[in-house]
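If you want the building blocks of each chain, they are given just below.
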Amino acid sequence: MTTSAILQAINGTSLAALLFLLASGFTLTFGLMRVVNMAHGAYYLLGGYIGLSLAERTGSFAVAIVGGGASIVVLGYLIDRFLIRHTGDNHLAQVLLTVGVAFIIGDVALAMWGGDALKVPVPPFLRGAMELPGGLVYPTYRFVLILFGVFVGAVLWILYRKTQIGAVVRAGVDDREQVSATGINVDRLFVLVSAVASFLAGMAGVVGGAFLALYPGAEWEILVVALVVVIVGGLGSLEGAMVGALIVGLLDAYGRWLLPEFSYFVLFGPMAVLLLVRPRGIFGRAS
Amino acid sequence: MALSAIEVGDLTKDFGGLRAVDRVSLRVAAGERRVLIGPNGAGKTTLFHCITGTLRTSAGRVSLFGRDVTHLAEHRRTALGMGRTFQISNVFTDLSLLENLVLAIIGTDRRKWVMHRSVGTFEAVRAKAREGLELVALAHRANDAAKFLSYGERRQLELALALNSDPRVLFLDEPCAGLSPSERHSISRMIGELPRDITVLMIEHDMDVALRLADRVTVLHRGRVILEGTPTEVQTNPEVREVYFGRV
Amino acid sequence: MPKAARILPALVVLAAAVLLPRVVGPFWLGLVTQMYVFGLLALSVDLLLGHAGLFSLCHASFFAVSAYTTAILQVRHAVPTALAAPAGILAGTILGLVFGLAVRTRGVYFILITIAFGYVVWGVAHRWSSFTGGDNGVTNVPFPALGTLRVESPTEYYYLVLAVLVLCTIGYRVLVASPFGLTLRGIKASETRMRSLGYHSDLHLYVAFVVSAALASLAGVLYVYYNRFVNPVAASFPISVEVALMAIVGGTGTIVGPFIGSGIILGLRNWVSSFFELYASVMGLVFIGVVLWAPDGVVGLVVRLWARAVKAWTR
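Conventions used here
- Residues numbered from 1 in each chain as written.
- Chains lettered and ligands numbered in written order.
- Predicted model: local features only at pLDDT ≥ 70, side-chain atom pairs only at ≥ 80, totals over all residues.
- Helix = DSSP H or I, 4+ residues; strand = E, 2+ residues; numbered from the N terminus.
- Rg over C-alpha atoms; globule rule 2.2 N^0.38 Å.
- Buried ≥ 20, exposed ≤ 12 C-beta atoms within 10 Å, placed from the backbone.
- Contact = placed C-beta atoms within 7 Å.
- Nonpolar A, V, L, I, M, F, W, Y, C, P; charged D, E, K, R; others polar.
- Domains from an automatic or database assignment.
- Pairing = 2+ DSSP bridges.
- Axes fitted to C-alpha atoms, helices over the stretch in contact; angles between N-to-C directions.
- Expected span 1.5 Å × (residues − 1).
- Core = buried A, V, L, I, M, F, W, Y, C linked by C-beta atoms within 7 Å.

Caption draft 1: Summary view of the overall build of chain A. Helix and strand counts for chain A stand at eleven helices and two strands. Secondary structure elements of chain A, listed N to C terminal, follow the sequence α-α-α-α-β-β-α-α-α-α-α-α-α. Over its C-alpha atoms chain A spans a radius of gyration of 19 Å, differing by no more than 12% from the 19 Å that the globule rule assigns to 287 residues. With the principal axes as the frame, chain A shows a C-alpha extent of 60 × 45 × 35 Å. In chain A, which comprises 287 residues, the share counted as buried stands at 52%. Within chain A, contacts between residues separated by at least 24 positions form 73% of all contacts whose residues are at least 6 apart in sequence.

So this is what it looks like as C-alpha cells:
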C-alpha cells in the first residue's frame, strides 16, 4: 500500500513539474503586465503539436522542445502586439479576447492535426522504466521530468531573485509606474517576460505531450488546473507557482487514485479552503 | 468625565518597514471641532483610515462614543454614526446625483435590502435626497450622472454623501482641497454651520480655514503628535512653525 | 415619458412573440425557444456583470446541475414535474450558495475562481458516469406535465417558456430598480464608498450571486424540457463564456440586452454551422471583434453610430 502511495507522490510531483512550467509564465505575465492570458492552454497545445511534427520530421526531441517553444514565442508576440495591447488593464476584455484566440487556435489545431489523441515520441534514452532508491520501479520519462522542472524552476528563481534583470521585473511587479519613471524601457521588459512565458508554455506542450496525450480539449483541461495552481499560490508570485503546483499536482494524483470519479472535487477543496481563509492565495498580495 | 466622541490610544500603523502612524493618542469631545494639521506625509489620512476602519491598525485602540471599535469592520462603524469624506473625491460617478444621495441615506437602513419595490416608490427617501442636494446647491442636477460634475461640484457631493449618512461623528479629509476661493468659502461656511450634535474631525491644509473652524488643533509630524492645543497656541508655537516652514 | 409610451414597445414585442408560432415553422420556433432560454441564462449572468460588476464564468454549472437534477428525477425516478422542476431549481441554487464563496475575491481572482469552479462541475458530469451518464448524459426527458395539464407539442412548450420569460423579466425589472439593485450598482461604482456608507458589500454580492444562480437554474429547467436530454456540454466552459458574451453583445446592464445578444449569437451559430464546420473559431472571431470594436455591445454600437449619423446629417 505504501509503495502505491509513494508512486502517486512521484506521479503528483511530475505533474507538478509540468504545471509549474505553464503556471509560472501565466503568473509572471499577470504580475508584471496585469495581463490575463487565457490562451495559455492553447499555446501549450499548439506548441505540443508543432513539437510533435518536428520530432516526427527530425527525430530529435531537443529540436521538438526548442521548436515548440520558439514557435509560441513568435505567436505570443503577435497576439500581444496586435490584440492584447488594445485591452489595456481591462481584465474582462482580456479574458474574452484571449478566449477567442484560444478558440481559433483550437480549431486550427483540429484542422491540422485531427481529433485523435496524439503523443509526442519520447527519445529512446528516456523510454522505459528506471529503478529508484528503495527498489521502486518508475517510468524514466516522468522522473526526468521532475528533474527538468526543478532545473527550470531553479533557473527562473535565480534569474528572478538574484539578477539585475530579475530585480527590475520584481520592481515592475510591485509598481509598474515607478519602474518606467526610472527610465527603463518597460515595453521591452514586457516583451521579454512575455517571450519567456510563451516559450515555457510551448515547451510544456511538447514535454507534457510525451506522457499525457494531445487532443482537442486538452488545452482547457491543462489551463484550468494551471489556474488552480495560480489561485492557490497567489497571482504574480513565482514561489506561489512552485508551491501551488506541488499542492495541486499531489492532490490531483491522489485524487485520481483514491476517488477517480470525483477527482475534480479534489481540486475544488483547496480553493474552497483558500476562499474561506486567505482569498488572495498563499503568496498573493492584497490589491 | 464626559464621553469622548472619538478616543484613540497608542494607535500605530506599519506598512512593511514603514511606520506611517506612531503611537498616536487623541481624544475628541462630543460636539468638538478638531482639526488635524501637519505637512505632507505626516500620516493624517492614514490615521483617518485607521479610525474609520478602512485600514486595520497594527497596534492600539480606537473607540467611538466609549465603544471599542478597534476590530470592528468599517461598515459597522458607520452604523454607529460615523461619516466620512475622502481626500480624493469618492462618489458614485456612474450613478445620478439623486441615486448617490439615496445610497448615502439608506446605508444603515434595513430598507436597503428591499427587492420587491422600486426605489421610485420610496417617496420619503427621495425627498430627503433632494433636500440633501439642495443643501449643497446641487438640486438642479439631481438626475445628472455624477461623472459630469466639475471638480468643485464633486467635492460638494462628497460632503453631501457624508452628511446624509446621518453621522454623529464626521471625518472630513481636506474638504477644501483644490477648490477656488469662493468654493472654499462656501464649503467652510457649510461646515461651520453644522449642528453641535455632530462631532467633526477634519484634516485641512488651508491654515485659515483650519484655524477659523477649529476648537482645538492637533499637529502631526512623521506619524507622531507633536502638539495639541487651541488654534492660537498652535499658531504661535515655534516647533510647529519649524515643521511647516523649516528652520527660521 | 408617460408610462403608456414606455410600455408600448414591450407590448408590441410581446404580441409578436405570441403570434410567432402561426408565422414560422417548427425549426425556427425551436430556435426562438432556445433564444429565450439562453437569454434568461445570459440575464442571470448580467445581474452580476452589468449591475454588480462581477464577471462570473461558472453559470453554466447552475444551469447544468438543475437540468441534470430535473432530468434524473423525471427519467429515472418518475418524479412528476411539479416536484422535479422545483428540485432542479433548488439544486442549482444550493450550488450557488457554495460557489458564492467566490465573492470573497474581486476582479481577476473572481473570474479565475469561477472558471475553476465551473470546470469542477463539468469534470464531475463527465467522469461520474455511473450517476450522470458520462458523455451520453441523461436522455428521454418527457415534456413537463402538471396534474392533468400536459405539454403536448413544441408549440405549447414555446408558450410555456414565453410565459415564464415574461414573469421573470417583470420580476427582474423590479429587482434591479429596487434598493437592493441600486446597492449593487453602488458597489460596482465604488465599493470603498459603499463600505464607508455602512454597506456590508460582501454580503450584498453574495445574495446577488445566489439570486443569479437561482435564475440560471430556472433557465436550466426550461432547457432540459426543451432539449429532452442533457449532457456535460451544458456545464462546459464555452457555454459560460458564450452567455457572458451574449450579455455583452446585447448590452450589459439592460433587460433586453441579454436577449438581443442571445438572438445574435444563436442566430449566428445557426447560420454559420450550415456551411462551416469550425464554428469555434467563428465564435473566437466574434469575441475578438466585440472586444476591439463593440465593447458596449450592439446596443451601444448602434447608439454611437446613430449619434454620429445625426451629427453628420445636422451639420
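Caption draft 2: Focus on the overall build of chain B. In terms of helices and strands, chain B carries nine helices and ten strands. In terms of overall dimensions, chain B is globule-like: its C-alpha atoms have a radius of gyration of 18 Å, near the 18 Å expected for 248 residues. Seen through its principal axes, chain B has C-alpha atoms that stretch 60 × 40 × 40 Å. Taken over 248 residues, chain B has a buried fraction of 45%.

Caption draft 3: Seen up close, the interface of chain C and chain A. Each partner contributes residues to the interface: chain C has 34 residues there, and chain A has 37 residues. Residue assignment for the side of chain C that touches chain A shows that the elements contributing at least two residues are helix H5 (107-127), helix H11 (237-250) and helix H13 (279-293) of chain C. Among the elements that line the side of chain C that touches chain A, the one with the most residues is H5 of chain C, at 13 residues. Considered class by class, the residues forming the side of chain C that touches chain A number 27 nonpolar, five polar and two charged.

Caption draft 4: Local environment of the domain arrangement of chain B. Partitioning chain B into structural domains gives domain 1 (4-91 + 167-245) and domain 2 (94-148). For domain 1 of chain B versus domain 2 of chain B, the separation of C-alpha centres amounts to 28 Å.

Caption draft 5: Representation of the sheet that holds strand S2 (residues 18-29) of chain B in the model. All names here are of chain B. The four strands are arranged S2-S1-S4-S5 in an open sheet whose pairing can be described as antiparallel. Lying at the two open borders of the sheet, with one neighbouring strand each, are S2 and strand S5 (67-68). Where strand S1 (residues 4-15) lies against S2, eight bridges are found, and the strand directions are antiparallel. In the strand pairing of S2, Glu7 is matched with Arg27. Strand contacts of helix H1 (residues 44-52): S1, S2 and strand S4 (59-64), with the helix running at about 115° to S1, the strand carrying the most contacts.

Caption draft 6: Quick peek at the sheet that holds strand S3 (residues 33-37) of chain B. Residue and element names in this part refer to chain B. Across the sheet, which stays open at both edges, the six strands sit in the order S6-S7-S8-S3-S9-S10 with mixed pairing between neighbours. Taken across any chain shown, the strands that pair with only one partner, and hence form the sheet edges, are strand S6 (82-84) and strand S10 (224-229). Averaged over neighbouring strand pairs, the angle between their axes works out to 20° when direction is ignored. The sheet contact formed by S6 and strand S7 (residues 169-173) spans three bridges and is parallel. Across the sheet, Met82 pairs through a bridge with Val169, a residue of S7. Together, S3, S6, S7, strand S8 (199-203) and strand S9 (216-221) form the strand contacts of H1, whose direction differs from that of S7 by roughly 150°.

Caption draft 7: The arrangement of the environment of Gly118 of chain C in detail. Residues and elements named next belong to chain C. Note that Gly118 resides in helix H5. Given 26 C-beta atoms within 10 Å, Gly118 falls into the buried group. Taking C-alpha positions, Gly118 is 4.3 Å from Cys58, a pair spaced 60 residues apart along the chain. If we skip the residues at most four places from it in the chain, Gly118 touches Leu57, Cys58, Ala60, Ser61, Phe237 and Ser240.

Caption draft 8: Spatial organisation of helix H10 (residues 201-227) of chain C. Helix length check: H10 of chain C, at 27 residues, gives a terminal C-alpha distance of 38 Å against a target of 39 Å (1.5 Å per residue), a fit within 8%. Positive backbone phi, at 65°, marks Arg228 of chain C, one or two positions downstream of H10 of chain C.

Caption draft 9: Fine view of the nonpolar core. Membership of the largest hydrophobic core comes to 265 residues, with the highest contact counts inside it found for Leu19 of chain A together with Ala116 of chain C. With residues up to four places along the chain from it excluded, the contact list for Ala116 of chain C reads Val224, Leu227, Val228, Ile231 and Met271 of chain A.

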